[in-house]
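Coordinate inspection notes
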Amino acid sequence: MQQRCHKIGIAIGNLSLYYTLECGQTFRWKRTPGGSYFGIVGGDAFLIKQHGNILEIASTERNVGEWARKYFVLDVDLESILHEIDRDEHIHEAIVSCGGLRILRQEPWETLASYILSANNNIPNIKRMVENLSRRLGRIRGLEGYSGFTFPSPSAITKNKDTVSKCGLGFRCDYLVEAAETIKEGREDLERIGVLPYKECREELMKFRGVGAKIADCVALFSFGMYEAFPVDVWIRRTLRNLYFPDGGVGDKQIWHFARQYFGRYCGYAQEYLYCHYRLKRARGLTSRTAGRAPTI
DNA sequence: GTCCAGGAGTGAT
DNA sequence: ATCACTCATGGA
């Protein structure tokens, strides 16, 4: 399904495509043998390659430049954010290690759905579930020899519950279908939730069954650009306990309060750098020295 | 076979 | 409010 292709080169400041797309905030990008990234965002296919501080983007989307500025949130000054959260040697190590990691602005429904599927799960398996859903219920998009599928809409999911149940979602299946129904029937509106103040937004998101504090924070951070969100998952819990609470005895809620106060209004960025760095660091320690390292461009 | 993974719901204290 | 238990699936 080849479609009309638009190409641009766009200048970027501080951006690492590798850390941004492979840090775990998004599940939909695939690295090609040539070092490009192919993915579907919304209804369009994208093929992106980084050359230093230029992103070369091919897409079925008409206005690629506007898309890139919004998706990569290029109007926010990453340097000043990193400077503000750079409070000690631990976060500093992460900032140096994962330089150029930017928090994306992703589509709310796909983000909510993906993170509902993330509960008690691992990243490869989450990717497989999202891919299963898209392959079966999404629409195909092709670009320069690559192809992928759009993420299914809420109504596509509610209309095909039998298909959804065959996607290997486990106990999360009911939560996903229920969320799709809630949105399809208009009982919740993600666009409205996305412009609420952070804490109200968080409360609204947690009304979805299957969405607790952590997943609500992921949606607020990765979709709504609320950088004061601080998702506490198993990695962050381990990492912050090791670094800041060696004597133990702290729960997720205490970790959340501490981090928000300690790192301030951009604590979400601190979370993502800590998550990315200390997770890769452990993975590298368990395997070879070079596994998971950013490719040189 | 066992443990773990970008957790959350439920029911008992 | 905080705990322990459970949920379905795949990989190490």
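No experiment lies behind these values; they were computed from the predicted model shown.

1. A few points about the protein's contact with DNA strand B
For DNA strand B, the set of nearby residues contains 28 residues, the closest of which are G24, I123, W235, Q271 and E272. Sugar and phosphate atoms form 58% of the subset of DNA strand B atoms that lie within 4 Å of the protein. In the environment of DNA strand B, a phosphate oxygen lies 3.0 Å from a nitrogen or oxygen atom belonging to the backbone of G210. Between Y275 and DNA strand B, the recorded distance is 3.4 Å, taken from a side-chain N or O atom to a base nitrogen. The set of elements that each furnish at least two residues to the surface near DNA strand B consists of α12 (213-222), α13 (234-244) and α15 (267-286). Per-class residue counts for the surface near DNA strand B are 13 nonpolar, nine polar and six charged.

2. With respect to the protein's contact with DNA strand C
Close to DNA strand C lie N120, N122, N125, R128, G170, F171 and R172. Among the atoms of DNA strand C close to the protein, meaning within 4 Å, 57% are from sugar or phosphate groups. At a separation of 3.0 Å, a base nitrogen of DNA strand C approaches a polar side-chain atom of N120. The class makeup of the residues in the surface near DNA strand C is one nonpolar, four polar and two charged.

Rules behind the numbers
- Residues numbered from 1 in each chain as written.
- Chains lettered and ligands numbered in written order.
- Predicted model: local features only at pLDDT ≥ 70, side-chain atom pairs only at ≥ 80, totals over all residues.
- Heavy atoms only, no water.
- Near = heavy atom within 4 Å.
- Polar contact = N/O pair within 3.5 Å; in protein donor to acceptor, adjacent residues only side chain to side chain.
- Helix = DSSP H or I, 4+ residues; strand = E, 2+ residues; numbered from the N terminus.
- Nonpolar A, V, L, I, M, F, W, Y, C, P; charged D, E, K, R; others polar.

Fair warning: the whole summary comes from geometry, so function is off the table for now.
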